[in-house]
Amino acid sequence: MEVVDAVSVHFNGKAEVEDFDISAVVQPEPLPPIAAAENGDKRNGREIVLGKNVHTTCLEVTEPEANDEFTGDKEAYMASVLARYRKNLMERTKYHLGYPYNLDFDYGALGQLQHFSINNLGDPFIESNYGVHSRQFEVGVLDWFARLWEIEKNEYWGYITNCGTEGNLHGILVGREVFPDGVLYASRESHYSVFKAARMYRMDCEKVDCLISGEIDCADFKAKLLANKDKPAIINVNIGTTVKGAVDDLDLVIQTLEESGFSQDRFYIHCDGALFGLMMPFVKRAPKVTFKKPIGSVSVSGHKFVGCPMPCGVQITRMEHIDVLSSNVEYLASRDATIMGSRNGHAPIFLWSFMVIRAGCGNWALISYGISGSFKTTISSC
Ligand SMILES: *Cc1c(COP(=O)(O)O)cnc(C)c1O
């Protein structure tokens, strides 16, 4: 039945509907009709309803009556909603499948910081006049990544982003600012955020074919480069594609650029390491991502491999590029070189604590891509 299908988009299975019966706390509103096939995108028997937002499962916020004095009731209501929600989260986390997230984290010690509105707005390296920040943690994490990707402290610039997408948006923007008339090249299996960047920045974009493995096909890349020989090239190189986990051959990409007549001052490479950027350096014989090669930026997602309760990511680029991009904002007493304005100040502390506990050991070995879809990491030599 179509109606049940639409509910399962949100609840993903009947067991959970029973566990967290939202109708016990809110009155359901009738479901909108499901869009006809030409508007709807049907995958795995699930239909995505376009053009109509589903509000059926929302926890409605109602305005109090004028003489409402039931504060106690409200608190009890809230406690019961949250308790059910927590149970639902525990259940769903247990059967979490298909997203490459590390759920094996315990950040209990950081609970005490929940009460603070920590915001790292502006540039991580310039203290703004907003005092409740965590820049000391942020820069500590950034320095660690700079070491990992072999760039000197005074030669890099970076920040902790809100997600892998923000890293891609930033990396491609830096490329576009360095080469305003550059053409963006990305393999067809690149993350959708890469093509979103092309649309946002109105860049010419060439989708390059992939090999069967999902890696970029450098023969096709070369043909497309030669067809746009008069314009600089901005390339998104994947360090792990979302679906197949394919790692583009960075060395071959650079070699193809050179063979096609693109010298280093006519290309910019952004490495989308959202998925494997943190893992590759520890995998034997994996292609090496390093700023010793002519790359412009690298980004990773913090909530995937590291495992972090809120989405976040890391973006590192070369300092020389950032001056092209940034402008000063007087009332922040800072520089504006990030995509977002306000930035989550909790995320850097989570990343930092992960680094402190695990990274000092030097060598992380990937043991398994566990049944729950989360990466299990262990430290093989401490
Ligand atoms: C997950 C992912 C992204 C985007 O990361 P978000 O943190 O979800 O925004 C980008 N590229 C690849 C290859 C990814 O797997």
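Structural data are supplied above this passage.
In this report, the structure presented in the accompanying data block is examined. Values in this document were obtained by computation on a predicted structure and should not be read as measured data.

## Some thoughts on the overall build of the chain
The secondary structure content of the chain amounts to 10 helices and 13 strands. For the chain, with 382 residues in total, the buried portion stands at 46%. Look at the contacts in the chain between residues 6 or more apart in sequence, and 69% of them connect residues 24 or more apart. As displayed, the chain has an accessible area near 20500 Å², and 54% of this comes from carbon and sulfur atoms.

## With respect to the environment of Asp230
Within the secondary structure, Asp230 sits in the loop between helix H7 (218–227) and strand S6 (233–238). Judged by relative accessible area, Asp230 falls into the exposed class, the value being 63%. In the structure, Asp230 is positioned 47 residues away from Val183 in sequence and 9.9 Å away in space, judged by C-alpha atoms.

## What to know about the nonpolar core
Judged by nonpolar contacts, the single largest core of 56 residues is most densely connected at Phe145, Phe221, Ile235, Leu257 and Ile269. Discounting residues that sit within four places of it in the chain, Ile235 has contacts with Tyr185, Phe221, Val253, Leu257, Phe267, Tyr268, Ile269 and His270. Of all hydrophobic cores here, the second largest spans 20 residues; its members include Tyr159, Leu169, Phe195 and Ala197.

## Let's talk about helix H4 (residues 135–148)
Along its 14 residues, H4 runs 20 Å from first to last C-alpha, staying within 8% of the 20 Å computed at 1.5 Å per residue. Inspection of H4 places Arg135, Glu138, Val141, Leu142, Asp143, Trp144, Phe145, Ala146 and Leu148 among the buried residues, and these make up the whole buried set. Positive phi appears at Glu150, one or two residues downstream of H4, with a value of about 60°.

## Thoughts on empty space enclosed by the protein
Under the definition given, this model contains 1 cavity of 30 Å³ or more. By volume, the largest cavity is sized at about 30 Å³. Lining the largest cavity are Leu110, Leu113, Gln114, His346, Ile349 and Phe350. Along the lines of polarity and charge, the residues of the lining of the largest cavity split into 4 nonpolar, 2 polar and no charged.

## Notes on unusual backbone geometry
Its identity as a non-glycine residue notwithstanding, Glu150 has a phi of 60°, on the positive side. Here Glu150 lies in the loop between H4 and strand S3 (156–161). Assessed through its relative accessible area of 28%, Glu150 is described here as partly exposed. Even without a glycine there, the phi angle at Arg202 is positive, about 50°.

## Quick word on the side chain of Lys224
By the element assignment, Lys224 lies in helix H7. At 2.9 Å, the side chain of Lys224 and the side chain of Asp220 are in polar contact. Discounting residues that sit within four places of it in the chain, Lys224 has contacts with Tyr185, Arg188, Glu206, Lys207, Val208 and Asp209.

## Considering the site of the ligand
Around the ligand lies a shell of 13 residues, among which Gly164, Thr165, Asp272, His303 and Lys304 are the nearest. In this structure, Ser301 approaches the ligand through a side-chain N or O atom, which is 3.0 Å from an oxygen atom. Ranked by residues supplied to the shell around the ligand, first place goes to helix H5 (residues 164–178) with 3 residues. When its residues are assigned to classes, the shell around the ligand shows 3 nonpolar, 8 polar and 2 charged.

## Regarding the packing of aromatic side chains
For the structure on display, the rule yields 6 aromatic pairs. Pairing Trp144 with Phe145 gives two aromatic rings, centres 5.0 Å apart and planes at 85°, and the pair type is edge-to-face. A single burial state applies to Trp144 and to Phe145, both of which are buried. Both rings, one in Trp157 and one in Tyr159, keep their centres 5.6 Å apart while their planes meet at 50°; by these two values the pair is tilted. Three or more aromatic residues joined by ring pairs make a cluster, and in this case those are Trp144, Phe145 and Trp149. Directly above the aromatic system of Phe195 lies the positively charged group of Lys207, at a separation of 4.6 Å from the ring centroid.

## Details of the pairing of strand S8 (residues 297–301)
For S8, the buried fraction is high: 5 of the 5 residues fall into the buried class. Because side chains alternate across S8, one face comprises the buried residues Ser297, Ser299 and Ser301, and the other comprises Val298 and Val300, equally buried. Relative to S8, strand S7 (residues 267–272) runs parallel, the two being bridged by 3 bridges. When the bridges of S8 are listed, Asp272 appears paired with Ser299. Note: S8 against strand S9 (residues 313–318), 5 bridges, orientation antiparallel. Bridging from a neighbouring strand, Val300 pairs with Val314 of S9.

Thresholds, definitions, all that
Residues numbered from 1 in each chain as written. Predicted model: local features only at pLDDT ≥ 70, side-chain atom pairs only at ≥ 80, totals over all residues. Heavy atoms only, no water. Helix = DSSP H or I, 4+ residues; strand = E, 2+ residues; numbered from the N terminus. Buried < 20%, exposed > 50% of the residue type's maximum accessible area, 1.4 Å probe, protein only. Contact = heavy atoms within 4.5 Å. Areas by Shrake-Rupley, 256 points an atom, 1.4 Å probe, with all protein chains shown as cover. Core = buried A, V, L, I, M, F, W, Y, C linked by side-chain atoms within 4.5 Å. Expected span 1.5 Å × (residues − 1). 1 Å grid on protein atoms, 1.4 Å probe; cavity = no way out; pocket = protein on both sides within 12 Å on 5 of 7 lines; lining within 4 Å. Points joined across faces, edges and corners; volume = space filled by probe spheres on them. Nonpolar A, V, L, I, M, F, W, Y, C, P; charged D, E, K, R; others polar. Polar contact = N/O pair within 3.5 Å; in protein donor to acceptor, adjacent residues only side chain to side chain. Near = heavy atom within 4 Å. Phe/Tyr/Trp six-rings, centres within 6.5 Å; stacked < 30°, edge-to-face > 60°. Lys NZ or Arg CZ within 6 Å of the ring centre and 35° of its normal. Pairing = 2+ DSSP bridges.

Function cannot be read off these values alone, since they describe shape.
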